[in-house]
Amino acid sequence: MSSLPEETATAPWRPKRLWVPWWAALLLGGAIGATMTLLRAYKAFVIPGAIALGLIIVVISVATILRRQTHSEALQPPLSISYVMWIVLLIFLVGPAQVVLLPSNPQEIVIKALVLTVGISICIYGADRSLFSSFVKPKVRLDEA
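Calculation notes
Residues numbered from 1 in each chain as written. Predicted model: local features only at pLDDT ≥ 70, side-chain atom pairs only at ≥ 80, totals over all residues. Heavy atoms only, no water. Helix = DSSP H or I, 4+ residues; strand = E, 2+ residues; numbered from the N terminus. Expected span 1.5 Å × (residues − 1). Buried < 20%, exposed > 50% of the residue type's maximum accessible area, 1.4 Å probe, protein only. Contact = heavy atoms within 4.5 Å. Axes fitted to C-alpha atoms, helices over the stretch in contact; angles between N-to-C directions. Parallel < 35°, antiparallel > 145°, perpendicular 65-115°, else oblique. Left-handed = near helix turned anticlockwise from the far one by under 90°. Core = buried A, V, L, I, M, F, W, Y, C linked by side-chain atoms within 4.5 Å. Arc of directions from axis to C-beta. Nonpolar A, V, L, I, M, F, W, Y, C, P; charged D, E, K, R; others polar.

**Q** Hey, could you go over helix H2 (residues 46–70) for me, with residue numbers and the actual values?
**A** Between the first and last C-alpha of H2 there are 36 Å, a value that for 25 residues agrees with the 36 Å anticipated at 1.5 Å per step. By the burial criterion, the buried members of H2 are Gly49, Ile56 and Arg67. In this fold, the buried residues of H2 make contact with helix H1 (22–41) and helix H5 (106–132).

**Q** Can you tell me about the packing of H1 against H2, naming the residues and giving the values?
**A** Across the interface, H1 lies against H2 with an axial gap of 9 Å and an inter-helix angle of 155°. In terms of their interaxial angle, H1 and H2 are classed as roughly antiparallel. Crossing hand, H1 versus H2: left-handed. Judged by residue contacts, Leu28, Ala31, Ile32, Thr35, Met36 and Leu39 of H1 engage Val46, Gly49, Ala50, Ala52, Leu53, Ile56 and Ile60 from H2.

**Q** Can you tell me about the nonpolar core, naming the residues and giving the values?
**A** If you look at the biggest cluster of nonpolar residues, it comprises 11 residues: Ala25, Leu28, Ile32, Met36, Ile56, Leu90, Leu93, Leu116, Ile120, Cys123 and Ile124. For this core, the elements supplying multiple residues, two or more each, are H1, helix H3 (81–94) and H5.

**Q** Give a description of the environment of leucine 116 that names residues and reports values.
**A** Residue position: leucine 116 is located in helix H5. Taking the C-alpha atoms as reference points, leucine 116 and threonine 37, separated by 79 residues in sequence, lie 8.0 Å from one another.

**Q** Any details on H3? Residues and values, ideally.
**A** Given a rise of 1.5 Å per residue, 14 residues ought to cover 20 Å, and the 20 Å separating the end C-alpha atoms of H3 matches this to within 8%. All of the buried residues along H3 are Tyr83, Leu90 and Leu93. The arc that holds the buried residues of H3, viewed along the axis, is 90°, so those residues lie on one side. Set apart from the buried face of H3 by more than 90 degrees, the exposed residues are Ile81, Met85, Val88 and Ile91.

**Q** Describe in detail the side chain of threonine 35, supporting the description with residues and values.
**A** Following the sequence through the fold, threonine 35 ends up in helix H1. We classify threonine 35 as buried; its relative accessible area is 8%. With near-sequence residues (within four places) excluded, threonine 35 lies in contact with Phe45, Gly49, Ala52, Leu53 and Ile56.

**Q** Can you lay out the environment of glycine 49 for me, pointing to particular residues and giving the numbers?
**A** Structurally, the position occupied by glycine 49 is in helix H2. The exposure class of glycine 49 is buried, given its relative accessible area of 0%. For the pair glycine 49 and threonine 37, spaced 12 residues apart in sequence, the C-alpha to C-alpha distance is 9.4 Å. Ignoring any residue separated from it by four or fewer positions in sequence, one finds glycine 49 in contact with Thr35 and Leu39.

**Q** Report on the packing of H1 against H5, specifying residues and quantitative values.
**A** Running from N to C, H1 and H5 point in directions that differ by 140°, and their axes come no closer than 7 Å. Between H1 and H5, the angle falls in the class oblique. The element H1 and its partner H5 pack so that their crossing is right-handed. A class-by-class count of the residues in the contact of H1 with H5 yields 14 nonpolar, six polar and two charged.

If you want it as structure tokens, here you go:
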């Protein structure tokens, strides 16, 4: 038995879990990591980078709104220490890490993009999972009752 929060609706296009799947976190982390790296490394990437970041923000916002419409309990989720830690790490990766780690050649740009992609993907998945894991209802086993 899984301890994942299940949806009550059985629509085939809806995910069974409240949190984002790993592949979506990887795609989103890849887009953010590459965009943030190129935005900081090349001056000519400012306009395309700003457009890409704007689209990422819109996609995240729409997905969050749609998820919260189907799950009323997600409107005011309780915060946990693990959620705060994931968010602090995520803010560090998209903020101070961009200023401190300035790549100077193409190999460093690729390495920074890969590291940011992996780090941001893990942070997105961890933060989303820790936020919505509080909705998991413990299942009572018959031999314990």
